[in-house]
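A structural walkthrough
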Amino acid sequence: MALTVIETWRDLPASARGAAVAIGAFDGVHRGHQAVINAARAVATARDLPLGVVSFEPHPRRWFQPEAAPFRLMSPGQMERALDGLGVDRLYRLPFDAEMAALSDQAFALDVLGRDGLGIAHAAVGFDFTFGKGRSGSPEALARHGQQAGFTVSPVARVDDADGLKLSSSAVREALKAGDMARATAILGRPFAIEGEVIHGDKRGRTIGVPTLNIALGDYMRPAYGVYATRTRLPDGRTVDGVASLGVRPMYLLEQPLLEVWLFDFDGDLYSQTVETDLVAFLRPEAAFDGLDALKVQIEADATAARAALAVSAGLSPAASARPA
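In what follows, the accompanying structure is described. (Residues numbered from 1 in each chain as written. Predicted model: local features only at pLDDT ≥ 70, side-chain atom pairs only at ≥ 80, totals over all residues. Heavy atoms only, no water.)

1. A look at unusual backbone geometry
In this chain, Glu-57 is followed by Pro-58 through a cis amide linkage whose omega measures 0°. With respect to the helices and strands, Pro-58 occurs in the loop between strand 3 (51–57) and helix 2 (60–64). In the Ramachandran plot, Asp-11 falls in the positive-phi region, its phi being about 55° despite a non-glycine side chain. Classification of Asp-11 by relative accessible area gives exposed; the value is 75%. (Helix = DSSP H or I, 4+ residues; strand = E, 2+ residues; numbered from the N terminus. Buried < 20%, exposed > 50% of the residue type's maximum accessible area, 1.4 Å probe, protein only.)

2. Re the nonpolar core
Generally speaking, nonpolar side chains in soluble globular proteins are found buried as a group. Ranked by size, the top nonpolar core spans 32 residues in total, and within it Phe-192, Ile-194 and Leu-259 carry the most contacts. The set of elements that each furnish at least two residues to this core consists of helix 7 (169–177), helix 8 (181–188), strand 7 (193–199), strand 8 (213–216), strand 10 (239–247), strand 11 (258–263) and strand 12 (274–285). The residues contacting Phe-192, other than those within four sequence positions of it, are Leu-73, Leu-176, Met-181, Tyr-220, Pro-223, Thr-277, Asp-278 and Leu-279. Core analysis: the next-biggest nonpolar cluster, separate from the first, contains 31 residues, Ile-6, Val-21, Ile-120 and Ala-149 among them. (Core = buried A, V, L, I, M, F, W, Y, C linked by side-chain atoms within 4.5 Å. Contact = heavy atoms within 4.5 Å.)

3. Let's talk about the pairing of strand 4 (residues 90–95)
Counting buried residues in strand 4 gives 5 out of 6 residues, a clear majority hidden from the surface. Pairing geometry for strand 1 (residues 4–6) and strand 4, over 3 bridges, is parallel. The residue of strand 4 that forms the bridge with Thr-4 is Arg-90. Pairing between strand 3 and strand 4: 6 bridges, direction parallel. Bridge pairing in strand 4 places Glu-57 opposite Pro-95. (Pairing = 2+ DSSP bridges.)

4. Comments concerning the sheet that holds strand 9 (residues 226–233)
Around the barrel, which closes on itself, the 6 strands sit in the order 7-8-11-10-9-12 with antiparallel pairing between neighbours. The average undirected angle you get between the axes of adjacent strands in this sheet is 40°. Where strand 7 meets strand 8, 2 bridges bridge the pair, whose relative direction is antiparallel. Across the sheet, residue Ile-199 finds its bridge partner in strand 8, namely Asn-214. Here helix 3 (residues 76–85) sits on the sheet in contact with strand 7 and strand 12, set at roughly 135° to strand 7. The strands touched by helix 9 (residues 292–313) within the sheet are strand 9, strand 10, strand 11 and strand 12, with strand 12 carrying the most contacts at an inclination of about 105°. (Axes fitted to C-alpha atoms, helices over the stretch in contact; angles between N-to-C directions.)

As structure tokens, then:
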């Protein structure tokens with residue numbers, strides 16, 4: 001059964017109620033989030049209930065701290081695909097607005113989650129889950145309110161990797177800012193990926209034989225600026241290796257950071273289409289060069305390094321992948 005997305009908590013039919021849900025922002029749907037979802041899954045399986053996730057759009061942090069944006073780790077579409085891949089039946093993507101922000105923890109539990117709202121049967125939440133105006137609610141408070149509202153609650157203890165790797169959204173952001181893509185991938189359980197529409201650029205790359213896909217970063221958090229080995233999923237389902245520059249391009253300065261992806265061995269028009277690019281490995285920081293010829297030499301070196309990094313990530317021989325573009 002495909003994921004069903006529900007974007008309100010009011011006036012739901014009986015068929016949309018009664019789920020065991022995991023509650024949280026779930027930006028990134030990383031391995032820590034998956035532990036909370038699995039706790040809800042255990043109850044859903046035991047009680048023969050639908051499995052749901054309750055999340056919010058926009059992220060509450062963006063509502064309360066707009067100056068902190070952009071910081072998103074995934075788009076709404078990426079979240080839907082991640083949850084669908086985990087076997088979640090329903091995503092309750094609730095609007096986080098002035099009304100939601102003003103609800104007390106009791107009102108959120110009774111009115112939104114309870115019988116007059118989503119009508120949930122069970123809630124799994126992280127050990128540090130807070131909710132309600134002023135973040136007054138806790139897992140313990142949710143359990144108390146749940147007794148009145150007709151649902152049970154299971155808090156999930158903090159989950160870290162066996163080697164002590166912290167599994168949290170903040171840890172993902174720290175890794176991305178440092179260009180540590182291996183650590184970010186280990187926390188997320190997959191590479192960090194930017195999804196967006198291919199837009200027109202200045203087409204300067206075409207003059208040196210390096211046509212690129214240009215993708216605005218939008219609300220995504222800004223990873224370390226520099227050059228990355230990439231894999232890009234195209235609308236037709238193909239995945240194409242490449243190398244990308246992410247940042248403000250010091251040699252030809254941009255007002256807004258941009259992701260510019262050169263797809264290896266690809267010839268096609270993708271303008272106005274949506275693609276998703278994995279940032280597999282960080283190769284080097286941004287730099288300016290003394291003219292287009294020097295830039296072209298560096299791009300060719302970057303392409304060789306990217307092919308080698310992608311071969312390692314795929315478990316292949318780096319030497320076998322270091323072929324000319």
